[in-house]
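# Coordinate analysis (summary)
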Amino acid sequence: MIAAANCSHRISIITGHYGTGKTEFAVNLALALAETGRQVMLADLDIVNPYFRSRERRQLLEESGVRLISSSQACSDADVPALPAELLTILENREIQGVLDIGGDPVGARVLARFQPKIVREDYQLIYVLNANRPEVRSTEKAIAYLRGIEATTGLACTGIVNNTHLCGETTEAEIRKGAALAAAVSEEAGIPVLCHVAEERFAAKLSDLPETVFPITIRMKKPWE
């Protein structure tokens, strides 16, 4: 699973537009890393989106060996721009594999700007999660503009693109392939490699012909009303 996601760096910073499924990817990645026996910490740093927060799966994560830290642990429904002190543990302890789930726009990404000097000294990757069904990033030009905005805000260079095109319960193989085409176009234009294509387990075998690997996931994040 880890090889499929091409996430071998010590720190993986997950970003992307709201609704791309970046938190779903972050949670599945952290769980997959934990399966290898590594010390894994997942930081929920999304101070913008009140839904689909990785902290909602605290019990699952911790039972699987993933230590979860949150930007607002004291009140699970608060969204305040305060970062947990434990974030420094991820940045400074090189025995830890860290996954950072940050806000889905340049404003949300700003929480990392103050740590940029520390991050660039570590083995990190900034992953841009792309969903071709989000109107704000469904064209190559819009997707790249959004990506560059996040880079400018964080002071970090994007190192990889993850295609996570979906329509929640209405996702089809064709939708994922549509996202693969967009990811390829963004990759060529921006000069950033496509790391993998995210898909539920039921689609994985059907997508084996894609040039990049497929990262099979189990849906962990549910809508608030489900």
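An account of the accompanying structure is given in this report. (Residues numbered from 1 in each chain as written. Predicted model: local features only at pLDDT ≥ 70, side-chain atom pairs only at ≥ 80, totals over all residues. Heavy atoms only, no water.)

Counting buried residues along strand S3 (residues 66-70), four of its five residues qualify, which places the element largely inside the surrounding structure. As judged from the five bridges shared by strand S2 (residues 39-45) and S3, these two strands associate in the parallel manner. Within the sheet, the bridge partner assigned to Ala43 lies in S3 and is Ile69. (Buried < 20%, exposed > 50% of the residue type's maximum accessible area, 1.4 Å probe, protein only. Helix = DSSP H or I, 4+ residues; strand = E, 2+ residues; numbered from the N terminus. Pairing = 2+ DSSP bridges.)

Pairing within the open sheet is parallel, and its eight strands lie in the order S3-S2-S4-S1-S5-S6-S7-S8. In this open sheet, the two edge strands, each paired with only one partner strand, are S3 and strand S8 (214-217). Direction aside, the axes of adjacent strands within the sheet are offset by 25 degrees on average. The sheet strands contacting helix H2 (residues 22-35) are strand S1 (11-16), S2, S3, strand S4 (96-102), strand S5 (124-130), strand S6 (160-163), strand S7 (194-200) and S8, and the helix crosses S4 at an angle near 170 degrees. (Axes fitted to C-alpha atoms, helices over the stretch in contact; angles between N-to-C directions. Contact = heavy atoms within 4.5 Å.)

Another point: the environment of Val27. Note that Val27 resides in helix H2. Here Val27 falls in the buried class, since its relative accessible area comes to 0%. Once the C-alpha coordinates of Val27 and Leu60 are considered, the two residues, 33 residues apart in sequence, prove to be 9.8 Å apart.

The next point concerns the nonpolar core. By size, the foremost hydrophobic cluster in this structure holds 37 residues, and its most contacted members are Ile13, Leu87, Leu100, Tyr128 and Leu130. At the level of secondary structure, the elements contributing two or more residues to this core comprise S1, S2, helix H4 (87-92), S4, S5, helix H7 (140-154) and helix H8 (173-190). For this core, the element with the highest residue contribution is H7, accounting for five residues. In this structure, Ala30, Leu31, Val99 and Leu195 belong to the second largest nonpolar core, which totals 25 residues. (Core = buried A, V, L, I, M, F, W, Y, C linked by side-chain atoms within 4.5 Å.)

This part is about the pairing of S6. Of the two faces of S6, the one lined by Gly160 and Val162 and the one lined by Ile161 and Asn163 are each fully buried. Sheet topology note: the S5/S6 ladder contains four bridges and is parallel. Its bridge partner being in S6, Leu130 is matched across the sheet by Asn163. Considered for its hand, the β-α-β crossover made up of S5, H7 and S6 is right-handed. Judged from the three bridges that link them, S6 and S7 form a sheet pairing that is parallel. Bridge pairing in S7 places Asn163 opposite His197. The parallel pair S6 and S7, bridged by H8, forms a crossover whose chirality is right-handed. (Right-handed = clockwise from strand over helix to strand, strands pointing away.)

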